[in-house]
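The lines below spell out each chain.
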Amino acid sequence: MAESPATLAFAVELFSGMGLVEARRMFGGAGLYARDVMFGLIDDDVIYLKVDGALKAELAAIGSRPWVYTQTKGPKAGVPQETSYWSLPEAALDDPDEACTWGARSLAAAEALKAAKPVRPRRSLDRTMEG
């Protein structure tokens, strides 16, 4: 189910204290972006934040839950997969300062994870024909 425009607007406003935050639709949900880095997602009207090990443990300790994805095709079809996105604490939904604190930590984790990934060389689209 696609997220409503009101849900996306609420999330963008909630995290507005972090600077420019955008909600981009994807796969029936939406990604939350700051500085061109996806730090969160929205699925079934729930806001989830990207986590590293420390942030995951802290969110789990206060009752947050992971976003679980179940593939419909392929070798993992029907097997629930826990992801690296955990729900924003309920109290933060009514407190933009708290939401931004969690969001900033999530953004820092997402940026660190992005920086740690090896850069894959791009294939050139400029191909010459020999003949």
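Here the structure is shown first, and the text comes after it.
Everything in this summary refers to the structure shown in the same document.

About the criteria used
Here the residue numbers are simple positions, counted from 1 along each chain's written sequence. For a predicted model such as this one, the threshold for reporting local features is a pLDDT of at least 70, and the threshold for listing and counting side-chain atom pairs is 80 or more; totals across whole chains, interfaces and linings nevertheless cover every residue. Side-chain numbers here rest on the full set of heavy atoms in the structure, without hydrogens or water. Every helix listed is a DSSP run of H or I at least four residues long, and every strand listed is a run of E at least two residues long, numbered separately from the N terminus. Buried means the residue's accessible area, taken with a 1.4 Å probe over protein chains only, is under 20% of the maximum for its type, while exposed means over 50%, and partly exposed covers the values in between. Contacts: residue pairs with any heavy atoms within 4.5 Å of one another. All accessible areas in this document rest on Shrake-Rupley with a 1.4 Å probe, and a residue is counted as covered only by the protein chains that are shown. A pocket here means an open set of points on a 1 Å grid, computed over the protein atoms alone, that has protein on both sides within 12 Å along at least five of seven lines. A cavity is instead a set of points where a 1.4 Å probe fits but cannot get out; residues with an atom within 4 Å of a point line either one. Grid points are joined across faces, edges and corners, and a volume is the space filled by probe spheres set on the points. Any residue that is not Ala, Val, Leu, Ile, Met, Phe, Trp, Tyr, Cys, Pro, Asp, Glu, Lys or Arg is counted as polar, Gly included; the first ten are nonpolar and the last four charged. Only the stretch in contact is used when a helix axis is fitted, and all axes are lines through C-alpha atoms; the angle between N-to-C directions ranges over 0 to 180 degrees. Should an angle fall under 35 degrees it is called roughly parallel, over 145 degrees roughly antiparallel, and 65 to 115 degrees roughly perpendicular, with every other angle called oblique. Rotating anticlockwise by less than a right angle from the far helix to the near helix defines a left-handed crossing, while the corresponding clockwise rotation defines a right-handed one. If DSSP finds at least two bridges between two strands, the strands pair.

As a further point, take the overall build of the chain. Looking only at helices and strands, the chain has three helices and six strands in total. Element order for the chain, N to C, with α for helix and β for strand: α-β-β-β-β-α-β-β-α. With the C-alpha coordinates aligned to their principal axes, the bounding extent of the chain is approximately 65 × 35 × 30 Å. Counting over 131 residues, the chain shows a buried share of 35%. Looking at the chain alone, contacts between residues at least 24 apart form 52% of all its contacts between residues at least 6 apart. Counting every atom, the chain has about 8700 Å² of accessible surface; 56% of that belongs to carbon and sulfur.

Let's shift gears to the layout of surface pockets. When its volume is computed, the largest pocket comes out at roughly 250 Å³. Lining the largest pocket are 14 residues, and of these Met26, Phe27, Gly29, Asp43 and Trp67 lie nearest its centre. Contributing elements (two or more residues each) for the lining of the largest pocket: β2 (29–34), β3 (37–43) and β5 (66–70). If one sorts the elements of the lining of the largest pocket by residue count, β3 sits on top with four residues. Its residues placed into classes, the lining of the largest pocket shows 10 nonpolar, two polar and two charged. Forming the walls of the second largest pocket are Asp36, Val37, Met38, Lys50, Tyr85, Ala110, Leu113, Lys114 and Lys117. Of all the elements in the fold, those that place two or more residues in the lining of the second largest pocket are β3 and α3 (96–116). Of the residues forming the lining of the second largest pocket, the biggest block, three residues, is contributed by α3. Its residues assigned to classes, the lining of the second largest pocket comprises five nonpolar, no polar and four charged.

Let's shift gears to the packing of helix α2 (residues 53–61) against α3. One can describe the packing of α2 onto α3 by two numbers: an axis separation of 10 Å at closest approach and a directional angle of 150°. Here α3 runs roughly antiparallel to α2, going by the angle between their axes. Regarding α2 and α3, the two cross each other, and that crossing is left-handed. Contacts from Leu55, Glu58 and Leu59 of α2 reach α3 at Trp102, Arg105 and Ser106. When its residues are assigned to classes, the contact of α2 with α3 shows three nonpolar, one polar and two charged.

Before going further, it helps to examine the sheet that holds strand β6 (residues 80–87). In any sheet, the strands associate via hydrogen bonds between backbone groups, in a parallel or an antiparallel arrangement. Here we have six strands laid out as an open sheet, ordered β1-β2-β3-β4-β6-β5, and antiparallel in their pairing. The open sheet has two edge strands with one neighbour each: β1 (21–26) and β5. The sheet shows a mean angle of 40° between the axes of neighbouring strands, direction not considered. Along the sheet face, helix α1 (residues 5–14) touches β1, β2, β3 and β4 (46–50) and points at about 150° away from the line of β1. Along the sheet face, α2 touches β4 and β6 and points at about 85° away from the line of β6.

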